[in-house]
Amino acid sequence: MTDAMEKAVARLRKIQEKNALGGGQSHIDRQHARNKLTARERIDCLLDKGTFSELGSCVNTTGTRLDGREFDAPCDGAVSGTGKVNGRTVAVYASDFTVLGGSIGTQHGLKFIRLLEMAASWRIPMVWLLDSSGGRLGYLDVPMAGIDWWFALESRYSGMIPQINVLLGPCIAGQAYCPTLCDFLLMSRTSAHLWLGGPRMTQAATSEKIGDDVGGADYHMIYSGTCDVVGQNDEETIRKTRDLLGYLPSNYREKPPCKAPSDAPDREVNQLIQVVPAHYDRTYDMHEVIRLLVDDGDFYEIKEEYATQLITCFCRFNGEVTGLVANNPSKPGSTMEINACDKYYRFLQVLDAYAIPLVTLVDTPPVVPGEDQEAKGLLRHVGKILDTYATATIPKISVFLREAYGDAGSLILGGIKGLGVDLTYAWPIARFAVEASSINYHNAYGKGLEDDAHEGYLNRAREKIDVFEAARSWTAQVVDEIIEPKDTRKKIIEALDLTRDKHEHLPERAGFLNTAPT
């Protein structure tokens, strides 16, 4: 090696060693004191050992603040590159809170933008490890720092490659939109906060005092529904991210990773009749049904504590990834209201984007009526599900366990063939009706109601039709086959195998226009 090369290599190593320390040991100690890992420790936790390949390791921003003080920002507070998770390549970006609070300057923003562009071009998932104070205010830098490009690229590549945001610290103001544009948001209960305006900003702008719990992981899981998965701390949240990636393809043209099945596809599930009561007024936990049906009892739940009357999760049947949506009668009536509708709609969008089959387990009364729900746009929210379900081209399998009433069971959970469900099975105790109510409409409405209408329509609306009546005629468009509960797993796997090569295209706009008269 020549002297010139030795000096150049020594210079490279010196820069990389300096930048690897981020904001310095004192800031690293402060990060650890907050029970948070550093950016590089988080990357090591996410990726398979020794697979991280950094991009932009020599970036360094120096300058003067508006108050005249000088600053030094190794890597401009952003560590980025590629690596492997369970042997599959991903792109990873981590904001470094030890460097100017992980704030976004121009180079920081461009490093992320370029990495996302490359991830889309290479068709690999993009993972964010976010811990940032937001825009770099008070510095001689571009105020927006390219964050407008973040929004644009996230939206343009949505559904092309999985985008997973792992929030491990603060995320505030304009940057707070970024996690909402990703496919999934995971948050650490210990350190994550997501606000449009934090407590101090909100009080300054509106005089309203909000609690410190507002914007935390549990808040966004239980109340806003923004968060998909909560981990106790950095390590657990990142481990759950690794698990989630195992259910997703690298891009929309690939299939999710398949595991060699260790659970017999023809396994009978005799325990189901002990879990699900034959009496319609008795509740049970649908999680137990799912655990009995899926491979090895393993599933990955999304939005576990939000709209808990509906379960959305990833699982495997005979080794292949499936999205599963199920009512949960152990929660308030397993009814569908606007939050449950949003939860279902968003999950269905992801399944359709990445060609993951859908299985629904149905046991529900109708959509909840009432002034509060109507005022919040119940019809609009149900309409989003109808549109997404009808236009989803993935395999769609439904199983009716006990009850399917009104809009919730018959329409939005895949009970009507016209919406595109491929196969529907029903247990022998299943029953159907327009509604579940037992109200006496003649008394409720009073005078002016024709006597024959009460018998001819209003009573019929809540008449319960058992599955054998529904199955007598194909024109009922509800049940393809009545099955014994013990055969449910076997029939789901059979249906998924039958629909594996399903080929369906929506009408093309160009073709539609070509048929118009000239």
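What this report covers is the structure whose coordinates are included nearby.

## Quick notes on the sheet that holds strand β4 (residues 78-85)
So, point 1. Strands sit in the order β1-β4-β5-β6-β7-β9-β11 across an open sheet of seven strands; the sheet is mixed. Each edge of the open sheet carries a strand with a single partner, namely β1 (53-55) and β11 (229-231). Direction aside, the axes of adjacent strands within the sheet are offset by 20 degrees on average.
So, point 2. Here helix α8 (residues 217-224) sits on the sheet and contacts β9 (184-188) and β11; the angle it forms with β11, its principal contact strand, is near 155 degrees.
So, point 3. Sitting on the sheet, helix α9 (residues 234-245) touches β4, β5 (88-95), β6 (126-130), β7 (163-167), β9 and β11, and the angle it makes with β9 is about 160 degrees.

## Let's talk about the packing of aromatic side chains
So, point 1. Applying the stated criterion across every chain, the model contains 13 aromatic pairs.
So, point 2. Centroid distance Trp 128 to Trp 150: 5.6 Å. Interplanar angle 85 degrees. Geometry classified as edge-to-face. Separated by 22 residues along the polypeptide, Trp 128 in strand β6 and Trp 150 in helix α5 (residues 147-156) bring together distant segments of the chain. With respect to burial, Trp 128 and Trp 150 carry one shared label: buried.
So, point 3. When the centroid spacing of 5.9 Å and the interplanar angle of 20 degrees are considered together, the rings of Tyr 247 and Phe 314 count as stacked. Of this pair, Tyr 247 sits in the loop between α9 and α10 (272-275) while Phe 314 sits in strand β13 (residues 310-317), placing them 67 residues apart in sequence. Each of the two residues, Tyr 247 as well as Phe 314, counts as buried.
So, point 4. Grouping aromatic residues by their ring pairs yields a cluster made of Phe 184, Tyr 247, Tyr 300, Phe 314 and Phe 347.
So, point 5. Against the face of Phe 97 rests Lys 36, its NZ or CZ located 4.2 Å from the ring centre.

So, how was this worked out
Residues numbered from 1 in each chain as written. Predicted model: local features only at pLDDT ≥ 70, side-chain atom pairs only at ≥ 80, totals over all residues. Heavy atoms only, no water. Pairing = 2+ DSSP bridges. Helix = DSSP H or I, 4+ residues; strand = E, 2+ residues; numbered from the N terminus. Axes fitted to C-alpha atoms, helices over the stretch in contact; angles between N-to-C directions. Contact = heavy atoms within 4.5 Å. Phe/Tyr/Trp six-rings, centres within 6.5 Å; stacked < 30°, edge-to-face > 60°. Buried < 20%, exposed > 50% of the residue type's maximum accessible area, 1.4 Å probe, protein only. Lys NZ or Arg CZ within 6 Å of the ring centre and 35° of its normal.

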